[in-house]
Amino acid sequence: GAVVSQHPSWVICKSGTSVKIECRSLDFQATTMFWYRQFPKQSLMLMATSNEGSKATYEQGVEKDKFLINHASLTLSTLTVTSAHPEDSSFYICSAKRAGATYNEQFFGPGTRLTVL
Amino acid sequence: AQSVAQPEDQVNVAEGNPLTVKCTYSVSGNPYLFWYVQYPNRGLQFLLKYITGDNLVKGSYGFEAEFNKSQTSFHLKKPSALVSDSALYFCAVRSLYNFNKFYFGSGTKLNVKP
């Protein structure tokens, strides 16, 4: 149980285009999902917290207009990188917190590698 | 502020030998501590957590971690390493003020050689 999927697993796009990444909780309902960014050989940095049915909460320094987050259902959150540029190339990982979870344990997706040319 | 530190970028160990991956934390109150493992191009997999109770926590794949309050440490251990344990390991602490926010260490690459 507690499986989180991401789609696509990798994407290559041209500079200036927008890319949508999906995060799904497959066998549980997730009231809260999280989006992280991981640079090579570095740790995960929380970008934003996504709550079902409400606006996402962004961490300091993260451009909300560039990284659009939508959490339309209890099993799906999407991250759209708008007008992507090469510096947006990174490994994006989502995680989900199970509804009713006691200790805020997060279940992570396999990640999406974004390469912007 | 809460943070964790992983002082070793890389740990090398021979298969069959015990392994330790170090983590120290800085938290003003009682910490909620976690260990995750990441395989190449994959997301993080939960290994174990310490919330309260016994200082020795047992987790997945034969891993365990010892919470030491006096040394503010939460080192990950395994009695006998496997080549398949080679991966990137992250220690994390949950924020005291935002229960949804985790602070991750910089990661330690574990290399287990046959």
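What you see is a predicted model, and the numbers here were worked out from it, not measured in a lab.

Trainee: Help me get a handle on the overall build of chain B, residues and values and all.
Mentor: Along its length, chain B carries zero helices and twelve strands. Reading chain B from its N end, one meets helices and strands in the order β-β-β-β-β-β-β-β-β-β-β-β. Against the compact-globule benchmark of 13 Å for 114 residues, chain B has a radius of gyration of 13 Å, which places it among compact chains. For the C-alpha atoms alone, the extent of chain B along its principal axes is close to 45 × 30 × 20 Å.

Trainee: Explain the environment of Q10 of chain B to me, using residue names and the numbers behind them.
Mentor: Residue and element names in this part refer to chain B. Structurally, Q10 is set in strand β2 (residues 10–14). The contact partners of Q10, leaving out residues within four places of it in the chain, are T108, K109 and N111. Of the polar contacts made by the side chain of Q10, one reaches the side chain of N12; its length is 3.4 Å.

Trainee: Describe the interface of chain A and chain B, with residues and values.
Mentor: Taken together, the 21 residues of chain A in the interface contact 21 residues of chain B. Between chain A and chain B, a total of about 1,700 Å² is buried, with carbon and sulfur atoms accounting for 53% of that surface. Our count for the contact surface shared by chain A and chain B stands at one salt bridge. For E59 of chain A, the salt bridge identified is with K101 of chain B, shortest N-O distance 2.3 Å. For the interface between chain A and chain B, the tally reads four residue pairs in polar contact (both at pLDDT 80 or more). Among the secondary structure elements, those contributing two or more residues to the side of chain A that touches chain B are β4 (30–38), β5 (44–51), β9 (90–98) and β10 (106–108) of chain A. By residue number, the principal contributor to the side of chain A that touches chain B is β4 of chain A, which donates four residues. Class assignment of the residues belonging to the side of chain A that touches chain B gives a composition of nine nonpolar, eight polar and four charged.

Trainee: How would you summarise the confidence of the model for chain B if you had to cite specific residues and measurements?
Mentor: Taken as a whole, chain B shows an average pLDDT of 92; of its residues, 100% reach a score of 70 or greater. The element-level mean pLDDT for chain B is lowest in strand β11 (residues 102–104) of chain B, coming to 88, with strand β3 (residues 19–21) of chain B highest at 98.

Trainee: Can you break down the packing of aromatic side chains residue by residue, with the values?
Mentor: Residues and elements named next belong to chain A. Applying the stated criterion across every chain, the model contains 16 aromatic pairs over all chains. Judged by centre distance (5.6 Å) and plane angle (40°), the rings of Y36 and F108 are tilted. Taken together, the positions of Y36 in strand β4 and F108 in strand β10 put the pair 72 residues apart, joining distant regions of the chain. F108 sits in the buried class, given a relative accessible area of 10%.

Calculation notes
Residues numbered from 1 in each chain as written. Chains lettered and ligands numbered in written order. Predicted model: local features only at pLDDT ≥ 70, side-chain atom pairs only at ≥ 80, totals over all residues. Heavy atoms only, no water. Helix = DSSP H or I, 4+ residues; strand = E, 2+ residues; numbered from the N terminus. Rg over C-alpha atoms; globule rule 2.2 N^0.38 Å. Contact = heavy atoms within 4.5 Å. Polar contact = N/O pair within 3.5 Å; in protein donor to acceptor, adjacent residues only side chain to side chain. Buried area = accessible area lost by both parts, 1.4 Å probe. Salt bridge = Lys/Arg side-chain N within 4 Å of Asp/Glu carboxyl O. Nonpolar A, V, L, I, M, F, W, Y, C, P; charged D, E, K, R; others polar. pLDDT = per-residue confidence, 0-100. Phe/Tyr/Trp six-rings, centres within 6.5 Å; stacked < 30°, edge-to-face > 60°. Buried < 20%, exposed > 50% of the residue type's maximum accessible area, 1.4 Å probe, protein only.

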